[in-house]
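Structural characterization, general
Letter by letter, the chains look like this.
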Amino acid sequence: MTRADAAAIAGGIPGLTLMEAAGRAVARAVMRRFRPVRTLVLAGPGNNGGDGYVVARLLEQAGWPVVVAALAPPRPGTDAAAVAARWRGPMADFSTASVARAGLVIDAVFGAGLSKPVDGLAAEVLGAVTAPVVAVDVPSGVDGATGAVRGFAPQAALTVTFFRLKPGHLLYPGRGLCGEVVLADIGLPAGVLAAIAPRAWRNGPGLWRLPRPGADSHKYARGHVAVVAGAGMTGAARLVAGAARRAGAGLLTLLAPDAATASVLRAGDPGVMVSEAGAESLLADARIGSWVVGPGLPPDAATRALLRQAIAAGRRVVADAGALRAATGDPDALAGAAVLTPHAGEFSAVFGPPGDDRPAAARAAAARTGAVVVLKGADSIIAAPDGRIVINANAPPWLATGGTGDVLAGIAAGLLAQGMAPFEAACAACFLHGEAAHRIGPGLVAEDIADHLKHVLAARLRS
Ligand SMILES: NC(=O)C1=CN([C@@H]2O[C@H](COP(=O)(O)OP(=O)(O)OC[C@H]3O[C@@H](n4cnc5c(N)ncnc54)[C@H](O)[C@@H]3O)[C@@H](O)[C@H]2O)[C@@H](O)CC1
Ligand SMILES: Nc1ncnc2c1ncn2[C@@H]1O[C@H](COP(=O)(O)OP(=O)(O)O)[C@@H](O)[C@H]1O
Ligand SMILES: [K+]
């Protein structure tokens, strides 16, 4: 945002104009959602505080009882100092006693310029708020780039932000602290986006194009997926298979480790082929271009060897579950895979704990392995080896149930098989997975998702 402001200002839009527009957007959102009530604006020393003084003035002009409490005065000569000078209404101490009297608090303490953890008086006063909080840009203390809380951040009922959502609005815990998020246009020209060349996006259909079979297509043209099944947990491979087929793979073969497993698998979906021929013979068939290795497999040397074999044969491999665990402490074992789909535990086992900066950790993992990394969760991060990231924010918590990760791996493989590039396939897979889950809602079990994919795809391919 700082870069966006700078680019806009360099392009001739005065900072003060942006600040007035930002403050106006917040005041408008407040007046739409709340009745006039004793309002306390907590203002910091930077531009976030500047926005706060504008909000105070506009609410007061609309007849609201408003008081401003400043953590520190703005530096002389800044835009924030200019708008603070235009505030002629009452000031209060920046104290817990002031917040105790407020019916509504505008948090304009820190925004994008957070330079260290929020502590001391700022944390004490923000922590004492019991009235509803409206956050300007982000709840103070939420790191806009990562969603992490640095020190302390209040729970907002409403967050008004400007120009573009930041990762911190989409990534937990920040996302949970924002409350309702309103994105306001403050007049930054479209060219600013090109000037700042963002490296992070929110997942959505504008970022990828789903494959659609041509009128003269055939099953081989839509791609053949192999899924390596384990002897014990055959369900995992079957979930992968169902999802890959619904995502549009033309053919699907389950690779059985032994005759007993093969007969279990053959009792499943009749459209699935089951092979006992062994990995070598399937890998000799170049038409079987996409492989899923890991779901239902033990985290052992055999799994690891099979993964390496598939990658060495030039296949596009989705590595999940057992294949990730088999690479514990050894990210190089995953090098050259197309897509890795670790949840936080698997990620930590392979790459070490992601820490507070999950986007950076996912980027580093992708750069290290050359694979697209999907760091799964309620706010999955999809990272490309070149540093781009996409945040998937459409997944409902109904997905927090066993087997849904296997389904995600299957969707990704089904899309890869049809020729989508790994980054686009991974992004689209997360999005379709989330959309299907929304349709299903409460009571979702992993088996439901593949079935609902056809409706999601129908809607997406129509639009
Ligand atoms: N440049 C502009 O004209 C615009 C700026 N905007 C606002 O400007 C904000 C960013 O402004 P700034 O870059 O001035 O940053 P902030 O206002 O977030 O904070 C910067 C100031 O706070 C201090 N600070 C940061 N973290 C601290 C901590 N934990 N403890 C104590 N002091 C701390 C810094 O040293 C600095 O003085 C955005 O979030 C947005 O609200 C918007 O109004 C859009 C237009
Ligand atoms: N609270 C949540 N909200 C939204 N999506 C979630 C949540 N918890 C898990 N998910 C999604 O569900 C899937 C779970 O995958 P995973 O943990 O690998 O489960 P499994 O190994 O049982 O298949 C991932 O796609 C993840 O993004
Ligand atoms: K704020």
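Residues numbered from 1 in each chain as written. Chains lettered and ligands numbered in written order. Predicted model: local features only at pLDDT ≥ 70, side-chain atom pairs only at ≥ 80, totals over all residues. Heavy atoms only, no water.

1. Thoughts on the coordination of the potassium ion (ligand 3)
For the potassium ion (ligand 3), every protein donor is listed as Asn-48 (OD1), Asp-107 (O), Phe-110 (O), Val-136 (O), Val-138 (O) and Ser-140 (OG), and the spread of their distances is 2.6 to 3.0 Å. For the potassium ion (ligand 3), the 6 donor atoms are set out with angles of 64 to 172° between them, so the coordination reads as irregular. Val-136 gets classed as buried once you look at its relative accessible area, which sits at 0%. Take Ser-140: its relative accessible area is 0%, and that puts it in the buried class. (Donors = N, O, S within 2.8 Å, 3.2 Å for Na, K, Ca; no water. Tetrahedral: all angles 85-135°; square planar, octahedral: opposite > 155°, others 65-115°. Buried < 20%, exposed > 50% of the residue type's maximum accessible area, 1.4 Å probe, protein only.)

2. Things to note about unusual backbone geometry
Residue Pro-173 follows Tyr-172 across a cis peptide bond; omega there is 0°. Position of Pro-173 among the secondary structure elements: in the loop between helix 7 (167-170) and helix 8 (174-178). With a phi close to 40°, Ala-197 is a non-glycine residue in the positive phi region. Note that Ala-197 resides in the loop between helix 9 (191-196) and strand 8 (200-202). On the basis of relative accessibility, which here comes to 44%, the residue Ala-197 falls in the partly exposed class. (Helix = DSSP H or I, 4+ residues; strand = E, 2+ residues; numbered from the N terminus.)

3. Side note on the nonpolar core
Of all hydrophobic cores here, the largest spans 59 residues; its most connected members are Val-225, Leu-254, Ile-382, Ile-411 and Leu-415. Among the elements that line this core, the one with the most residues is helix 18 (residues 422-440), at 12 residues. For Ile-382, the residues in contact, after removing those within four places along its chain, are Asn-203, Val-372, Val-373, Val-374, Arg-388, Ile-389, Val-390, Asn-392, Phe-423, Ala-426, Cys-427 and Cys-430. Judged by nonpolar contacts, the second largest core, of 40 residues, contains Val-228, Ile-311, Ala-323 and Ala-365. (Core = buried A, V, L, I, M, F, W, Y, C linked by side-chain atoms within 4.5 Å. Contact = heavy atoms within 4.5 Å.)

4. Quick look at the side chain of Asn-203
Considering the arrangement of structural elements, one finds Asn-203 in the loop between strand 8 and strand 9 (224-228). Of note is the side chain of Asn-203, whose polar atom sits 2.8 Å from the backbone oxygen of Cys-427. (Polar contact = N/O pair within 3.5 Å; in protein donor to acceptor, adjacent residues only side chain to side chain.)

5. Topic: the UniProt feature "binding site: K(+)" (unreviewed entry) in the chain
According to UniProt, the "binding site: K(+)" (unreviewed entry) feature falls on Asn-48, Asp-107 and Ser-140. A maximum C-alpha distance of 9.3 Å is found for the annotated residues, which run over 93 residues; spatially they form one tight group. Structurally, Asn-48 is set in helix 3 (residues 47-61). Since its relative accessible area comes to 8%, Asn-48 is described here as buried. If we skip the residues at most four places from it in the chain, Asn-48 touches Asp-107, Ala-108, Val-109, Phe-110, Gly-111, Val-136 and Asp-137. Separated by 3.5 Å, the side chain of Asn-48 and the backbone nitrogen of Phe-110 make a polar contact. Within the structure, the side chain of Ser-140 is placed 2.4 Å from the side chain of Asp-107, a separation counted as a polar contact. (UniProt positions renumbered as here; feature names shortened; annotations may be inferred.)

6. Looking at the sheet that holds strand 4 (residues 104-108)
Across a sheet, paired strands are connected by hydrogen bonds in the backbone, their directions being either parallel or antiparallel. As summarised here, the arrangement of the 7 strands in space is 3-2-1-4-5-6-7, forming an open sheet in which the pairing is parallel. The open sheet has two edge strands, strand 3 (91-92) and strand 7 (180-184), and neither has a second partner. Against the sheet, helix 2 (residues 15-33) engages strand 4, strand 5 (133-136), strand 6 (158-162) and strand 7, with an angle of about 150° to strand 6. On the sheet, helix 3 packs against strand 1 (39-43), strand 2 (66-70), strand 4, strand 5 and strand 6 and is oriented at approximately 165° with respect to strand 2. (Pairing = 2+ DSSP bridges. Axes fitted to C-alpha atoms, helices over the stretch in contact; angles between N-to-C directions.)

7. What to know about the sheet that holds strand 10 (residues 251-255)
Taken in spatial order, the 10 strands of this open sheet run 8-17-16-15-14-13-12-9-10-11, and their pairing is mixed. The outermost strands of the open sheet, each flanked by one partner alone, are strand 8 and strand 11 (273-275). Bridge analysis of strand 12 (residues 290-293) against strand 13 (residues 316-319) gives 4 bridges, and the strand direction is parallel. Residue pairing for strand 13: Val-293 is matched across the bridge by Ala-319.

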